[in-house]
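Residues per chain, in single letters:
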Amino acid sequence: MASWQPGVAAGTVCGALPTTMRAARVHVQGISTTLRVDTVATPRVAPNTVLVRVHAASVNPVDWKLQDEGTLKPMAIPGGDFAGEVVGVGAGVTRFRCGDQVAGTVDQVETGGSYAEYLVAPLDAVVKKPARYSMQEAAAYPTVAIAAWRFLVAGANVQRDERVLVHGASGGVGSMVVQIAKARGAVVMGTASARNHDFVRSLGAAQMIDYTTTRFEDVARNMDVVVDAVGGETLTRSVAVMRKGGRLVSSAGSVPAATCRAAGIVCPARAPWDVQRGLQYVAPLIEAGQLQVHVDSLYTLDEIMAAQQHSRSGRTRGKVVIDLRAQETRGALEPLQAYLDGHATGRGERFRRAFAADAMLVGIKDGQYRQWPASEYIRSSSSERTPADEAQRRRRIESLSITGDVASAVLALDYPDMVARDHMTLLKRDGEWRIVVKAYHASTPTRP
């Protein structure tokens, strides 16, 4: 597992890296169903780039469309969106350093894609990962956020109180458009199947149209802006629902200029694709909690064909995400689940599976500070019987983040006699994850 030795011109790698990695590659040009996971050489960091250990990647329709049309040649690695950790910094790079958590989207035709354990990304393709997003969420947002900014903001320049119709409102791009339009003060109407109406309303849509039962022309009138993420007949028919001077933009097609002139509407030229401007625009919305990204489903790298087929179905709610660190995630979840099982059953062996032998607890309960060894906690918690009020107890894993051989997690416990947040630090030693520090804040609730 030795890493290559960088020179001064090449940059710096962050410790020993594997010489090989796993990646999904195209094996027959023009046939997207021939992706196969191979072992290939780990890429090397270059000047003005960063080497990223990919934690998660997402599937966009453009990925499999590039495969279908033959643009991606045999042995190419598809995928654009990613989130992960910087493990190599090229010469000339000052914005990022080892250990930074980042997200972005790469040009899979020019640089190689994100369906891989490592990738090299140019600086204009990378931003700091939004703190509010998990790795999976951060991998899901770049392309759809940039597209939403590109069409709704840079193209249509939507304004407060304008009426906006969003086609494909439950999909990756559409769900972002709905939220950005809402954040800009627009009144949003969306088209989606009935099963997705509550979801899109939760994002800010004021009115929904079930395109499977209702022609949107029978509901929408005098729209200021139409944003189309469907294309085809939907885009063509949209001309009829717009006011004179309204703006029609699409991420899935274009309307002939003559048609736009005849209808008295504006069909703005597509704004340039700009990763930095697009992601910088949405950054404050994310920080303010105004831009949620919905992960429809998670797949492993070995399930890449199923992930793409899910995307092809056209029935996704948000984004399909590939968890490149699924094995690590499962390993780190085991001691956390053992800890929760210990609480549920009182069994000491579950607590012992959760904690390292030298683990410590430190925290505050009802204003009283305490520091004590986990061995003492295990003895006091091991009743070997299920709590009498177990039906009233609620516990869950709120978050898990993994960096190398270190992980952090937050667990929530809501009991009739205690409410707590446990902040766990885990280490991977000799191939096995264990909790080494539990830092907690607990209190006795006041119940009516």
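See above for the structure.
Report follows, based on the coordinates. Note that the structure is predicted; figures quoted are calculated from it, not measured.

This part covers the nonpolar core. Counting 49 residues, the largest nonpolar core has Tyr141 and Leu152 as its most contacted members. Of all the secondary-structure elements, those providing two or more residues to this core are helix H2 (135-140), helix H3 (142-155), strand S9 (163-167), helix H4 (172-183), strand S10 (187-192), helix H5 (197-203), strand S12 (223-228) and helix H8 (275-287). Residues in contact with Tyr141, not counting those within four places in the same chain, are Ala103, Val127, Pro130, Tyr133, Met176, Leu279, Val282, Ile286 and Val293. Among the nonpolar cores identified, the runner-up in size contains 44 residues, and Ala24, Leu35, Ala57 and Val106 belong to it.

Attention now moves to the packing of H3 against H4. For the pair H3 and H4, the least separation of the axes is 8 Å and the interaxial angle reads 55°. By the angle class used here, H3 and H4 are oblique. As for the relative orientation of H3 and H4, their crossing is right-handed in sense. On the side of H3, the interface is formed by Val144, Ala145, Ala147, Ala148, Trp149, Leu152 and Val153, while H4 contributes Gly172, Val173, Met176, Val177, Ile180 and Ala181. For the contact of H3 with H4, a count of residues per class yields 12 nonpolar, 1 polar and no charged.

Across all of its chains, the model carries 2 disulfides by this definition. Here Cys14 engages in a disulfide with Cys98; their sulfurs sit 1.9 Å apart. Torsion about the S-S bond of the Cys14 and Cys98 cystine: about -80°, corresponding to left-handed handedness. Taken together, the residues span a long stretch of sequence, with Cys14 in the loop between strand S1 (11-13) and strand S2 (20-26) and Cys98 in the loop between strand S5 (81-90) and strand S6 (101-105) at a distance of 84 residues. For the protein chain, the bonded cysteines pair up as 1-2, 3-4 when numbered in the order they occur along the sequence.

Bringing the sheet that holds strand S16 (residues 355-365) into the picture now. Strand order in the open sheet formed by 6 strands is S17-S16-S21-S20-S19-S18, and the pairing between neighbours is mixed. Here the strands that pair on one side only, and so sit at the sheet edges, are strand S17 (368-373) and strand S18 (394-403). On average, adjacent strands in this sheet sit at an angle of 15° to one another, irrespective of strand direction. Across the sheet, helix H10 (residues 326-345) is in contact with S16, S18, strand S19 (406-415), strand S20 (418-429) and strand S21 (432-443); its angle to S18 comes to roughly 155°. Sheet strands touched by helix H12 (residues 374-381): S16, S17 and S21. Its angle to S17, the strand with the most contacts, is close to 100°.

As summarised here, the arrangement of the 5 strands in space is S11-S10-S9-S12-S13, forming an open sheet in which the pairing is parallel. Single-partner strands in this sheet number two, and they are strand S11 (207-210) and strand S13 (242-250). Going across the sheet, the axis of each strand differs from the next one's by a mean of 20°, ignoring polarity. Examined bridge by bridge, S9 and S10 share 5 bridges and lie parallel to one another. Note on S10: the bridge partner recorded for Val166 is Gly190.

Parameters at a glance
- Residues numbered from 1 in each chain as written.
- Predicted model: local features only at pLDDT ≥ 70, side-chain atom pairs only at ≥ 80, totals over all residues.
- Heavy atoms only, no water.
- Core = buried A, V, L, I, M, F, W, Y, C linked by side-chain atoms within 4.5 Å.
- Buried < 20%, exposed > 50% of the residue type's maximum accessible area, 1.4 Å probe, protein only.
- Helix = DSSP H or I, 4+ residues; strand = E, 2+ residues; numbered from the N terminus.
- Contact = heavy atoms within 4.5 Å.
- Axes fitted to C-alpha atoms, helices over the stretch in contact; angles between N-to-C directions.
- Parallel < 35°, antiparallel > 145°, perpendicular 65-115°, else oblique.
- Left-handed = near helix turned anticlockwise from the far one by under 90°.
- Nonpolar A, V, L, I, M, F, W, Y, C, P; charged D, E, K, R; others polar.
- Disulfide = S-S within 2.5 Å.
- Pairing = 2+ DSSP bridges.

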